[in-house]
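# Architecture at a glance
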Amino acid sequence: MGLSKKQIQELRNELDHSYNPLYFFDDDPDGLCSFLLFYRYVREGHGVVVKARPILDKQFLRKVKEYGPDKIFVLDKPDISQEFIDKAKTKIVWLDHHGLKQRNNVNYFNPMQDEGDNRPTSYWAYKVVEQDLWIAMVGIIGDWFLPDFADEFAEKYPDLLPKGIKTPDEALYETRLGELIRIFSFVLKGKTSKVKKCMKVLTRIDSPYEILEQKTAQGKYIYKQFQKLYKPYNKMLNSALKNAKVMDNLFVYTYNSRKVCFTGDLSNEILHKNKDKIIIIGRSKGGEMKCSLRSATKKIRPILKKALEGIEGYGGGHEFACGCCVKLDDWERFLEQFKNAIKSTN
Ligand SMILES: [Mn+2]
């Protein structure tokens, strides 16, 4: 069920009555595409990507001051601090699909109001604006969801999404639409100034082919920024596939701190190639191992919970996709406990 028609209309109304909106959004394709959908509908305002933290907090008040918006839209962010809301002194509209939160003085839209409906933010943003289908598809499938209008898209762009694709996983790794999603995902990993430039360029691109086939100067620019980050990623992917520790059904690969964090992307792609395994990708930094965990069939959240017992660390997430952080001194013990937990939760 998700958001009602009335709520979608209300969101559209908020956009129609804003002349200088400020958008804060999550740093993944779902967040970026939600922003692009709204921005391209209003054609005014500014976007700020909220990187590497789940909460929009007082640190971002200076952006409010800088742009002096008449309205703030917060997209795909799991949380906003009450302090930010109170001090922004601007109307806030919040569209998200993570767990429900209680905050005062915000106009809050979350499909989770109906239990279990966590369709991506860009799915709802598309319902609001009803334009730029290709951007909506990038955001939605980038969040591992195949929407009801995927067929309509396949009809219009059969070369990007062939008919018969039945899972987001296939769409991500076996189609040209998947390549486009990776491009959107990787341009967000660059330096802030480059990310800003890419955001701006993306607000003006009118067709996916401008990027995929580098048909315009703008499309070429996006593609080039993508490649700068995709090349080192690919290197690491190959190294992971070659050098990982594989124990029964567990695939573990760790690497030392680099400037760019690839753990999420690596774990997804490695899972795609090893569906029978549980994947753990860790990045060690500052005495801690930060991990992404993935599985196709085995619920890993309860396993992770058991494995963390008595360990200095924390973690959680979805049933088949989790994250955790473990002190390096406890790493080997954590892995042992993880292996035991797999066996005891058959
Ligand atoms: Mn999302």
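Residues numbered from 1 in each chain as written. Predicted model: local features only at pLDDT ≥ 70, side-chain atom pairs only at ≥ 80, totals over all residues.

## Some points on the overall build of the protein
- The helix and strand inventory of the protein stands at 15 helices and 13 strands.
- Relative to a compact globule of 346 residues, whose C-alpha radius of gyration would be 20 Å, the protein shows 20 Å and is just as compact.
- Counting the 346 residues in the protein, one finds 40% classified as buried.
- Taking as baseline every contact in the protein between residues at least 6 positions apart, the subset at least 24 positions apart corresponds to 57%. (Helix = DSSP H or I, 4+ residues; strand = E, 2+ residues; numbered from the N terminus. Rg over C-alpha atoms; globule rule 2.2 N^0.38 Å. Buried ≥ 20, exposed ≤ 12 C-beta atoms within 10 Å, placed from the backbone. Contact = placed C-beta atoms within 7 Å.)

## Quick look at the sheet that holds strand E9 (residues 250-256)
- Taken in spatial order, the six strands line up as E8-E9-E10-E11-E13-E12 in an open sheet, and their pairing is mixed. At either end of the open sheet lies a strand with only one pairing partner, and these are strand E8 (245-247) and strand E12 (313-317). Each strand of the sheet is rotated relative to its neighbour by a mean of 15 degrees, with strand direction disregarded.
- As paired strands, strand E10 (residues 278-285) and strand E11 (residues 288-294) are joined by seven bridges and run antiparallel to one another. Within E11, the position partnered with isoleucine 280 by the bridge is leucine 293.
- Against the sheet, helix H15 (residues 331-344) makes contact with E8, E9, E10, E11, E12 and strand E13 (321-327), and its axis sits at roughly 160 degrees relative to E9, the strand it touches most. (Pairing = 2+ DSSP bridges. Axes fitted to C-alpha atoms, helices over the stretch in contact; angles between N-to-C directions.)

## Quick word on H15
- If you check H15, its first and last C-alpha atoms are 20 Å apart, about what 14 residues at 1.5 Å a residue would give, namely 20 Å.
- Looking at H15, one finds that the buried residues are Phe334, Leu335, Phe338 and Ile342. For H15, the angular spread of buried residues about the axis comes to 100 degrees, placing them on one side. Along H15, exposed side chains directed more than 90 degrees from the buried face belong to Glu332, Glu336, Lys343 and Ser344.
- Its buried side turned inward, H15 meets E9, E10, helix H14 (301-307), E12 and E13. (Expected span 1.5 Å × (residues − 1). Arc of directions from axis to C-beta.)

## With respect to helix H5 (residues 121-129)
- Burial of H5 is extensive: nine of the nine residues sit out of reach of the surface.
- Three or more residues of H5 are buried, namely Thr121, Ser122, Tyr123, Trp124, Ala125, Tyr126, Lys127, Val128 and Val129.
- Turning to H5, the residues buried within the fold contact helix H1 (5-16), helix H2 (29-42), strand E4 (71-75), strand E6 (91-95) and helix H6 (133-142).
- Where H5 ends, the next residue or the one after it, glutamate 130, has phi of about 50 degrees, a positive value.

## A look at the packing of helix H10 (residues 192-202) against helix H12 (residues 217-243)
- The N-to-C vectors of H10 and H12 enclose an angle of 145 degrees; their axes lie 10 Å apart at closest approach. Along this stretch, H10 crosses H12, giving a crossing that reads as left-handed. Along the contact surface, H10 presents Lys194, Cys198, Val201 and Leu202, while H12 presents Gln218, Tyr221, Ile222 and Gln225.
- Tallied by class, residues from the contact of H10 with H12 come to five nonpolar, two polar and one charged. (Left-handed = near helix turned anticlockwise from the far one by under 90°. Nonpolar A, V, L, I, M, F, W, Y, C, P; charged D, E, K, R; others polar.)

## Thoughts on the domain arrangement of the protein
- For the protein, the assigned domains read domain 1 (5-228) and domain 2 (244-344).
- Computed over C-alpha atoms only, the centres of domain 1 and domain 2 are separated by 28 Å.
- With four residues of domain 1 at the interface, the matching set in domain 2 holds four residues. (Domains from an automatic or database assignment.)

## Brief notes about the nonpolar core
- Of all hydrophobic cores here, the largest spans 69 residues; its most connected members are Tyr23, Leu37, Phe38, Val74 and Leu161.
- With 26 residues, the next largest nonpolar core counts Leu271, Cys291, Leu293 and Ala307 among its residues. (Core = buried A, V, L, I, M, F, W, Y, C linked by C-beta atoms within 7 Å.)

## Structural notes on the environment of lysine 305
- Its location among the elements puts lysine 305 in helix H14.
- For lysine 305, a count of 15 C-beta atoms within 10 Å corresponds to the partly exposed category.
- The spacing of lysine 305 and glycine 316 is 11 residues in sequence and 7.4 Å in space, taken between C-alpha atoms.

## Let's talk about the pairing of E11
- Of all seven residues in E11, six are buried; the element is thus mostly enclosed.
- Linking E10 back to E11 in an antiparallel pair, the connection comprises two residues, with glycine 286 at a positive phi of about 55 degrees.
- Inspection of the sheet shows E11 paired to E13 by seven bridges, in the antiparallel sense. Directly across from cysteine 291, in E13, lies its bridge partner cysteine 324.

## With respect to the sheet that holds strand E2 (residues 46-50)
- Across the sheet, five strands lie side by side as E2-E1-E4-E6-E7; this open sheet has parallel pairing. The two strands at the open ends of the sheet, each matched to only one other strand, are E2 and strand E7 (107-109). Neighbour-to-neighbour, the strand axes of this sheet turn through a mean angle of 15 degrees, independent of strand direction.
- The pairing of E6 with E7 spans three bridges and is classified as parallel. Counterpart to valine 93 in the pairing with E7 is asparagine 107.
- Packed onto the sheet, H2 meets strand E1 (21-26), E2 and E4 and runs at close to 160 degrees relative to E1.

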